[in-house]
Amino acid sequence: MQHTLVALVEDKPGVLNRVASLFRRRAFNIESLTVGHTEQPGVSRMTIVIDSNQTNAERVTANLYKLVNVIQIKDLADQPSVMRDLALIKVSAPPERRSEVMQLVEVYRARIVDVTNDSLIIEITGDVDKIDSFVQVLQPIGVLEMVRTGLVAMARGAALGQNGNGNGSGNGRVQ
Amino acid sequence: MTRYTGAQIVWECLVREGVTTVFGYPGGANLPLYDAMLDYPIRHVLVRHEQGAAHMADGYARAGGGVGVAMATSGPGATNLVTGIATAFADSSPVVAITGQVARQFIGYDAFQETDITGITLPVTKHNYLVTDVRELGEVMREAFYIARSGRPGPVLVDIAKDTQQAEIEWEYEDTPLRLPGYRPDRRPTAQALAQAASLIQQAKRPVILAGRGVMQSGAMELLREFAERTRTPVAMTLLGIGGMPAEHPLNLGMMGMHGEAWVNQAIQQADLLVAMGMRFDDRVTGKRETYAPEAKKIHFEIDASEVNKNIPVDVALIGDLGDNLRELLPQVAPCDHSEWLETIDELRGDSAVRDIKNLPDYGHLYAPHAIHDLWRLTEGKAIVVSDVGQNQMWAAQYYKHSQPYNYLTSGGLGTMGFALPAAIGAKCARPDMEVWAIAGDGGFQMTQAELATAAQAGIKINVAILNNGYLGMVRQWQEFFYERRYSATPISSPDFVKIAEAHGLTGIRVTERSQVEAAVRQAQQAPGTAVIEFMIEQEDSVYPMVPAGADLHAMIRRPLPSALTESADSDL
């Protein structure tokens, strides 16, 4: 089962190395890890997806907290939250198959961001299942190259770093 | 504001942290630090290998001297510290290691004596820093000491580029609160957890306290005693917990685990409640986890949340400072009476005393337990004992009884051979009024024996007991028990340790019989400088009792009955 943790960390040199080194040393199995800026200067945010069948999320959290540069960790497992992955997919699209690809892009609400004579680059954002499924239908056409960002996630409702337990108050799913 | 160089800022901060002694070795990349040192009230102990500096700083800290400081230059100087830093890390010892780094413009270009020491020490430090901006240096030094000593203590490394040591700025020491938003050393348990713990304690019929090094780290010795006495709960000690409660206290059972006395482990296995205080259920104390204390509920007093449920799942975790939590818990606990349970434990002792080799008559052979028992008697149990790793360590733990805390120092978690001599030197610097004994095997002593020259040059008086059995004894013992006595690479020859001592201008004494022990100890005590006694002990003696690695804790290999020993000894003659 996948388990998502969000960590706010100080934006200092070597922080990613500290986190990666911890996971390696403790043999924690991670599925993906993304890092990026936040609304606060000097604070970065990591979204860490672990396979909780193999790695105990509480152990990961407790060990992450031991890193001096880790400010706060939120476990999104029991939280209503929004999770997104972004993929860029280069597909083979000779003129005779191009309309087929474009129909699929339409159905999945993806976007074509680059076109050449025989290939297209498609950008798609969504939860992991949606992207997996899109990639699957593109496979027979010919996926030439793909990159995925890994999951980014945010709990609904109160913001991380604020007081309170941050449980999502909203229940409307806005797409 | 006054102008300071980076190097001066380092010393300004060290002096304000109360540092009076540093252990180190100069080199190209820390020349500015060493130059500035001459203007500060600092005693520098020049080591012979940087590993020794780290162990000395560690021994200094363990003996109660506060944060220990080790210094080294870049590259090989820094990498030589690593074993000592890892040793301190494994046993939560507060050490600050300060290394010189090549100048900033060379970092990343494989310059002469450049090494990525912050990368190398990442997994064996509590935190580390590479400082390339002199404006950050003062704050980094303050943070380093604060992190090293607070919460669960541990080593912190500060790597300072050479040009940062040389750079000058207008600077003033600031005492402002540190900005460490991610560092929370002061966690407290909920009232609910404390109440749950109190209720488990009140219901228990067969409780045992497991006391670890955290007792001394927290300074909670008196509170432990009060708790044990009020609840009439016997106390088993981890190796590093020795000294947390006086050995002679009637509720102190002694050491648990792989080489703990059989009744201690049996008591743990039969307990219905374990109250763990500042210990981490290491594999050397639990034996096979699946069969560990199967009937016991477990309460875990622990400052490091990541230790909770790591090895052994517990029922109640009290995260935070042990002393604070005991102080809060004590008023919630009514006195208990466990006389039946204490009697049961007494019965578990069975014939252990008969099997105890220290009670064996003297028939010419010199056994290590005899030597250490005699050393305990002759020093009235008041010395600081720093043991190395292996059989000597276990015998020292079993036969030198400590009534005071911070007097038994050993590398428990990492099990670093070569620890004893340098750590003893560090301990002596921390507590110069104490008699200090390093106890080492012939193998471990040779790993860091160069530090004898350090003791000689610095005029540091310690005593060294080398237990020479001509083997890497603990490995030999495992080969005897588990590898059909195939002694692969364990026989080890030694130089003449008496001459080695004398070559350093120190006192060397050899003991081959028990009758010589007292005179030798007295001679060592009276020697003006460091004295080395080489005890020629029984070659193939083993440490008993023993729980084989991974076996059930109660499945111990008992010490043979003295009759068996006497017979085999006779047949040798």
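Residues numbered from 1 in each chain as written. Chains lettered and ligands numbered in written order. Predicted model: local features only at pLDDT ≥ 70, side-chain atom pairs only at ≥ 80, totals over all residues.

Visitor: I'd love a proper account of the overall build of chain A, names of residues and values included.
Guide: Scanning chain A from N- to C-terminus turns up 4 helices and 9 strands. Secondary structure of chain A in N-to-C order comes out as β-α-β-β-α-β-β-α-β-β-α-β-β. The principal-axis extent of the C-alpha atoms belonging to chain A is close to 55 × 40 × 35 Å. In chain A, buried positions account for 26% of the 175 residues. Here the contacts in chain A between residues at least 6 apart in sequence split such that 70% fall between residues at least 24 apart. (Helix = DSSP H or I, 4+ residues; strand = E, 2+ residues; numbered from the N terminus. Buried ≥ 20, exposed ≤ 12 C-beta atoms within 10 Å, placed from the backbone. Contact = placed C-beta atoms within 7 Å.)

Visitor: So what about the overall build of chain B? Which residues, and what values?
Guide: Summing up its helical and strand segments, chain B has 24 helices and 20 strands in all. By the compact-globule yardstick of 25 Å for 573 residues, chain B fits well, its C-alpha radius of gyration being 24 Å. Seen through its principal axes, chain B has C-alpha atoms that stretch 75 × 65 × 40 Å. Each of the 573 residues in chain B was classed as buried or not, and the buried ones make up 55%. Sequence separation of at least 24 residues holds for 76% of the intrachain contacts in chain B that already meet a minimum separation of 6. (Rg over C-alpha atoms; globule rule 2.2 N^0.38 Å.)

Visitor: Residue-level account of helix α13 (residues 322–329) of chain B, with values.
Guide: Residue and element names in this part refer to chain B. The complete set of buried residues in α13 reads Leu322, Gly323, Asn325, Leu326 and Leu329. Along the axis of α13, the buried residues cluster in a sector spanning 165°; they form a single face. Buried residues along α13 sit against α8 (191–203), α9 (214–217), α10 (221–231), β12 (273–277), β13 (297–302) and β14 (316–319). (Arc of directions from axis to C-beta.)

Visitor: With reference to specific residues and values, describe the interface of chain A and chain B.
Guide: Each side of the interface is counted separately: chain A has 14 residues, and chain B has 11 residues. A per-element tally of the side of chain A that touches chain B places helix α2 (residues 57–66) of chain A first, with 5 residues. Here the side of chain A that touches chain B is built from residues that sort into 5 nonpolar, 4 polar and 5 charged. (Nonpolar A, V, L, I, M, F, W, Y, C, P; charged D, E, K, R; others polar.)

Visitor: Explain the sheet that holds strand β3 (residues 43–51) of chain A to me, using residue names and the numbers behind them.
Guide: All names here are of chain A. Spatially, the 4 strands line up as an open sheet ordered β2-β3-β1-β4, and their pairing is antiparallel. Two strands close off the open sheet at either side, each with one partner strand: β2 (30–37) and β4 (70–75). Across this sheet, the average inter-strand angle for adjacent strands is 20°, counted without regard to direction. Where strand β1 (residues 2–10) meets β3, 9 bridges bridge the pair, whose relative direction is antiparallel. (Pairing = 2+ DSSP bridges. Axes fitted to C-alpha atoms, helices over the stretch in contact; angles between N-to-C directions.)

Visitor: For the packing of helix α18 (residues 420–430) of chain B against helix α20 (residues 451–458) of chain B, give the residues involved together with the corresponding values.
Guide: Residues and elements named next belong to chain B. Running from amino to carboxyl end, α18 crosses α20 at an angle of 25°, the nearest separation of the two axes being 9 Å. Taken together, the axes of α18 and α20 are roughly parallel relative to one another. Of the residues in α20, those touching α18 at Leu421, Pro422 and Ile425 are Glu451, Thr454 and Ala455. (Parallel < 35°, antiparallel > 145°, perpendicular 65-115°, else oblique.)

Visitor: Let's hear about the domain arrangement of chain A: which residues, and what values?
Guide: Many structure descriptions define interface size as the accessible area lost when the parts assemble. The domains assigned to chain A are domain 1 (2–75) and domain 2 (82–148). On a C-alpha basis, the centres of domain 1 of chain A and domain 2 of chain A stand 30 Å from each other. (Domains from an automatic or database assignment.)

Visitor: Give a description of the sheet that holds β14(B) that names residues and reports values.
Guide: All names here are of chain B. Taken in spatial order, the 6 strands of this open sheet run β11-β10-β9-β12-β13-β14, and their pairing is parallel. Looking along the sheet, the strands with just one partner apiece sit at the ends: β11 (252–255) and β14. In this sheet, neighbouring strand axes are inclined to one another by 15° on average, regardless of whether the strands run parallel or antiparallel. The sheet contact formed by strand β10 (residues 235–237) and β11 spans 3 bridges and is parallel. Following the sheet pairing, Val235 is matched in β11 by Asn252.

Visitor: Provide a residue-level description of the domain arrangement of chain B, including the pertinent values.
Guide: All names here are of chain B. Under the domain assignment used here, chain B contains domain 1 (2–171), domain 2 (191–349) and domain 3 (357–552). The gap between the C-alpha centroids of domain 1 and domain 2 is 37 Å. For the side of domain 1 that touches domain 2, the class distribution of residues is 1 nonpolar, 2 polar and 2 charged.

Visitor: Any details on the packing of helix α3 (residues 50–65) of chain B against helix α4 (residues 76–90) of chain B? Residues and values, ideally.
Guide: Residue and element names in this part refer to chain B. Between α3 and α4, the least distance of the axes is 7 Å, while the angle of their chain directions is 30°. Taken together, α3 and α4 sit at an angle that is classed as roughly parallel. Crossing of α3 over α4 shows right-handed handedness. Here Glu50, Gln51, Ala53, Ala54, His55 and Asp58 of α3 come into contact with α4, specifically with Gly77, Asn80, Leu81, Thr83, Gly84, Ile85, Thr87 and Ala88. Along the lines of polarity and charge, the residues of the contact of α3 with α4 split into 5 nonpolar, 7 polar and 2 charged. (Left-handed = near helix turned anticlockwise from the far one by under 90°.)

Visitor: If you had to explain the pairing of β1(A) to someone new, which residues and values would you point to?
Guide: In the sheet, β1(A) pairs with β4(A) via 5 bridges, with the strands oriented antiparallel. Each bridged residue has a counterpart across the sheet, and for Ala7(A) the counterpart in β4(A) is Ile73(A).

Visitor: I'd love a proper account of the environment of Arg109(A), names of residues and values included.
Guide: Residue and element names in this part refer to chain A. Relative to the elements of secondary structure, Arg109 occurs in the loop between α3 (95–107) and β6 (111–115). With 12 C-beta atoms counted inside 10 Å, the residue Arg109 sits in the exposed group. A sequence separation of 15 residues divides Arg109 from Ile124, and the C-alpha atoms of the two residues are 7.4 Å apart.

Visitor: Explain unusual backbone geometry to me, and be specific about the residues and the numbers.
Guide: For the bond from Tyr544(B) to Pro545(B), the omega torsion is -15°, close enough to zero to count as cis. Phi is positive for Ala27(A), which is not a glycine, with a value near 55°. Looking at the secondary structure, you find Ala27(A) in the loop between α1 (15–25) and β2. The backbone phi angle of Arg109(A) is positive, close to 55°, even though this residue is not glycine.

Visitor: So, the confidence of the model for chain A: which residues are in play, and what are the values?
Guide: For chain A, mean pLDDT is 89; residues scoring 70 or higher make up 91% of the total. Low confidence marks residues 163–175 of chain A, where pLDDT is under 50. Its contacts with residues over four positions away, or in another chain, come to 17 contacts. (pLDDT = per-residue confidence, 0-100.)

Visitor: Describe in detail the environment of Val389(B), supporting the description with residues and values.
Guide: Residues and elements named next belong to chain B. Tracing the chain through its elements places Val389 in the loop between β15 (384–387) and α17 (391–399). For the pair Val389 and Ala440, spaced 51 residues apart in sequence, the C-alpha separation works out to 7.3 Å. Residues in contact with Val389, not counting those within four places in the same chain, are Ser411, Gly415, Thr416, Met417, Phe419 and Gly444.

Visitor: Tell me about the pairing of β3(A), residues and numbers included.
Guide: Pairing analysis gives 7 bridges linking β2(A) to β3(A), with the strands arranged antiparallel. Residue pairing for β3(A): Ser32(A) is matched across the bridge by Val49(A).

Visitor: For α2(A), give the residues involved together with the corresponding values.
Guide: Among all positions in α2(A), only Val60(A), Asn63(A), Leu64(A) and Tyr65(A) are buried. Looking at the buried residues of α2(A), the elements they touch are β1, α1, β3 and β4 of chain A.

Visitor: Summarise the confidence of the model for chain B; cite the residues concerned and give the values.
Guide: For chain B, mean pLDDT is 95; residues scoring 70 or higher make up 97% of the total. Taken together, the chains of this predicted complex give a pTM of 0.94 and an interface ipTM of 0.90.

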